[in-house]
Amino acid sequence: AAAMVAEQRRELGRLSALAVYRRVAGAGRMERRRRGAPLPAGRKRAKARPRRDRARGGGSQPEAPPQRPPPAAPPNRVELPVEAPVESRPGAAAAGPDAKPRGGPAAMPGGPRPAAEDGGGVSGLLRRLARLEDSRQRAAELFRWLLAPVAPAEFLGRHWERAPLLVRRGDPGYYAGLFSTAEFDAALRRGEVHFGTHLDVTSYAEGVRETHNPSGRALPAVVWDFYQNGCSLRLLCPQAFSPTVWHFLSILQEQFGSMAGANTYLTPPGTQGFAPHYDDIEAFVLQLEGKKHWRVYSPRTDAEVLPQFSSANLTQAELGKPVLETVLEAGDLLYFPRGFIHQGDCLPDAHSLHITVSSYQRNSWGDFLEKLLPAALQMALEEDVEFRRGLPMDYLRYMGVANSDTVDARRTAFVEKVQSLIKKLVDYAPIDAAVDQRAKSFLHDCLPPVLTHSEKVQSVYGFPARWQDGGPRNVDILITKDTEVRLLRHGIVRLCNEESGVMLYYTTENSRVYHKEEPKFLELDPEYTDSIEFLLSSYPNHVSVDNLPCETLEEKISVATLLFEKGILITKKPLAQV
């Protein structure tokens, strides 16, 4: 037995991480999907093979990418140009037939002009946005930059929830500084990434979609061996590892009024990591490195238009012809609405790293009514006796599917009664309260704000309290009637009237990891609600504490101090000097 174990260990030592996973996990742990058509010629598939000597590299040069003719657009589908996946056009931006090229950084009308010290790429953009006082303007300008050169109004009118958008920029450095393979590697080396929780190892070959996640920490030697053997790497929460992605999304979420999330996808040359499918989110694909061949398909049925939930993996045989086919290169953008089927694969001559920014998951009118209608019915039951009256004793004899074709005056009366009660239900609908509950959920979803240097020194996070010379120093937060304050961000608080009292929900103590923390809130005395509303209406201007609409100066200072200590308020000038 000992000799057998030793032989097994020697054999495992010669295999890749992918092969080890397959031996240990077995087919039962793999996420097998339905088979479809085989992969096109020239494509790789994930396979087990002996480890290569990493010191040598080697191997022959990859072939040139195959020439694929653009497919014809199907009738009665979204009217968009179908791009050929080859011959990128340097300096051009394609967002439809009338797109025009634009060079340099996107202009920000009404915003700060780019300064030489800001630099380019995302890092320079975030420095420029930091000079805007109003967080709503920051969000709007970031959204404008994301879509440039397409105007937000044009995007919202022609594409949002309607049709894909392709933007070719011919600027490989447009997203510079947002995220990179080097940052991904650094996160692995810090030991922060765990399989399944943060990282999925995937493959899609010959119609089979598999997930190859071992358990435990994702160590570089194992992760890169999976990649070397043709597996894609999906990082599920890049904002937890990248301050820049966190900063980017924390601004953008205020534009959407809905959680802004992200995944990154690193795919080896000549492979595909995921089967065709559609999602339940609005997707913005930002190509960061390399290039990737994409095919996007219209929803197949009305039921798949703007779906509530993502699809299962689809086979190639279930797809029609794509309405858009292209190769994204670094700096390009691809948007597609929820319900649009998509698949992306790497050409043989380059890897691909992209980040998908997503929003609007479960953020429809139907999702809002799921909150509103039960509350409306509860209020109607409490306030209107008509909703509490008993059903007819004999209604089971003439109602129900078995009686649906029966002509009966009692059936007509029953249906009319239901319709009249539903119409009356509108009068009891607590629309604003339901909106507040949606906002409460959104604030729980939100990333915490990223503070600029000036915001930090004007907030509790830059307050110089510390232990020094055997005791605490600079502890007292001395807010007076003349202290000028404002909200840190417009979208970081929400007042909600609940059964237990008035609650102020806020985001400053949220985690960068989705729902790692419970919702954060303060229970306020009702007399403080006017002050919160006053601060919201005054934003982004500073107001003196003495102007807060409380009855006494003590209450004014008390509410301002409470909000400052939670990071919700900042002061115009630092309260203490270091």
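Rules used throughout
- Residues numbered from 1 in each chain as written.
- Predicted model: local features only at pLDDT ≥ 70, side-chain atom pairs only at ≥ 80, totals over all residues.
- Heavy atoms only, no water.
- UniProt positions renumbered as here; feature names shortened; annotations may be inferred.
- Pairing = 2+ DSSP bridges.
- Helix = DSSP H or I, 4+ residues; strand = E, 2+ residues; numbered from the N terminus.
- Axes fitted to C-alpha atoms, helices over the stretch in contact; angles between N-to-C directions.
- Contact = heavy atoms within 4.5 Å.
- Parallel < 35°, antiparallel > 145°, perpendicular 65-115°, else oblique.
- Left-handed = near helix turned anticlockwise from the far one by under 90°.
- Nonpolar A, V, L, I, M, F, W, Y, C, P; charged D, E, K, R; others polar.
- Core = buried A, V, L, I, M, F, W, Y, C linked by side-chain atoms within 4.5 Å.
- Buried < 20%, exposed > 50% of the residue type's maximum accessible area, 1.4 Å probe, protein only.
- Phe/Tyr/Trp six-rings, centres within 6.5 Å; stacked < 30°, edge-to-face > 60°.
- Polar contact = N/O pair within 3.5 Å; in protein donor to acceptor, adjacent residues only side chain to side chain.

Named according to an unreviewed UniProt entry, the protein chain is Bifunctional lysine-specific demethylase and histidyl-hydroxylase originating from Chaetorhynchus papuensis. Of the protein chain, the UniProt comment under Sequence similarities (unreviewed entry) reads exactly: "Belongs to the ROX family. NO66 subfamily." The Function (unreviewed entry) field of the UniProt record for the protein chain holds the comment "Oxygenase that can act as both a histone lysine demethylase and a ribosomal histidine hydroxylase."

Undergrad: Mind showing me how you'd approach the sheet that holds strand β14 (residues 493-498) here?
TA: Strands belonging to one sheet form pairs held by backbone hydrogen bonds; the direction of such a pair is parallel or antiparallel. Taken in spatial order, the three strands of this open sheet run β14-β15-β16, and their pairing is antiparallel. Lying at the two open borders of the sheet, with one neighbouring strand each, are β14 and β16 (520-524). Strand-to-strand twist of the sheet, defined as the mean angle between neighbouring strand axes without regard to direction, takes the value 30°. Pairing of strand β15 (residues 501-506) with β16, which is carried by five bridges, proceeds in the antiparallel orientation. Bridged to Val502 within β16 is Leu524. Each of β14, β15 and β16 is contacted by helix α14 (residues 529-538), which is oriented at about 150° to β14, the strand it contacts most.

Undergrad: What should I look at first to understand the packing of helix α3 (residues 121-129) against helix α4 (residues 135-147) in this one?
TA: Two measures define how a pair of helices packs: the angle their axes make with one another and the distance between the axes. Look at α3 against α4: their axes get within 10 Å of each other, and the N-to-C directions meet at 150°. One element, α3, and the other, α4, form an angle in the roughly antiparallel class. Viewed along their axes, α3 and α4 form a crossing whose handedness is right-handed. Contact residues: Val122, Leu125 and Leu129 in α3; Arg138, Glu141, Leu142 and Trp145 in α4. In terms of residue class, the contact of α3 with α4 is made up of five nonpolar, no polar and two charged.

Undergrad: Is there a simple way to think about the nonpolar core in this case?
TA: One recurring pattern in soluble globular proteins is that nonpolar side chains are buried together. Counting residues in hydrophobic clusters, the biggest one holds 59 residues, and the most contacted among them are Trp145, Leu146, Phe155, Phe184, Phe248, Phe284 and Leu286. The dominant element in this core, judged by the number of residues it contributes, is helix α8 (residues 243-256), at seven residues. In this structure, Phe284 is in contact with Phe143, Leu146, Leu147, Phe155, Trp160, Phe256, Leu333, Leu334, Tyr335, Ile355, Thr356 and Val357, ignoring residues within four places of it in sequence. Counting residues in hydrophobic clusters, the runner-up holds 28 residues, among them Phe463, Leu488, Leu504 and Leu548.

Undergrad: I'm lost on the packing of aromatic side chains in this one. Help?
TA: In this description, a pair of aromatic rings is defined by centroid distance and the angle of the planes. Under the counting rule described, the total for this entry stands at 24 aromatic pairs. Relative to Phe256, the ring of Phe143 lies with its centre 5.7 Å away and its plane at 75°, an arrangement referred to as edge-to-face. You can see Phe143 sitting in helix α4 and its partner Phe256 sitting in helix α8, a full 113 residues away along the chain. Residue classification places Phe143 among the buried positions, given a relative accessible area of 2%.

Undergrad: Hey, could you run me through the side chain of Thr267 in this one?
TA: Topologically, Thr267 is positioned in strand β5 (residues 261-267). A relative accessible area of 1% places Thr267 in the buried class. Of the polar contacts made by the side chain of Thr267, one reaches the side chain of Ser232; its length is 3.4 Å. Among the polar contacts listed, one links the side chain of Thr267 to the side chain of Lys292, at a separation of 3.0 Å. For Thr267, the contacting residues outside a window of four places in its chain are Tyr227, Ser232, Lys292, Cys346, His351 and Ser352.

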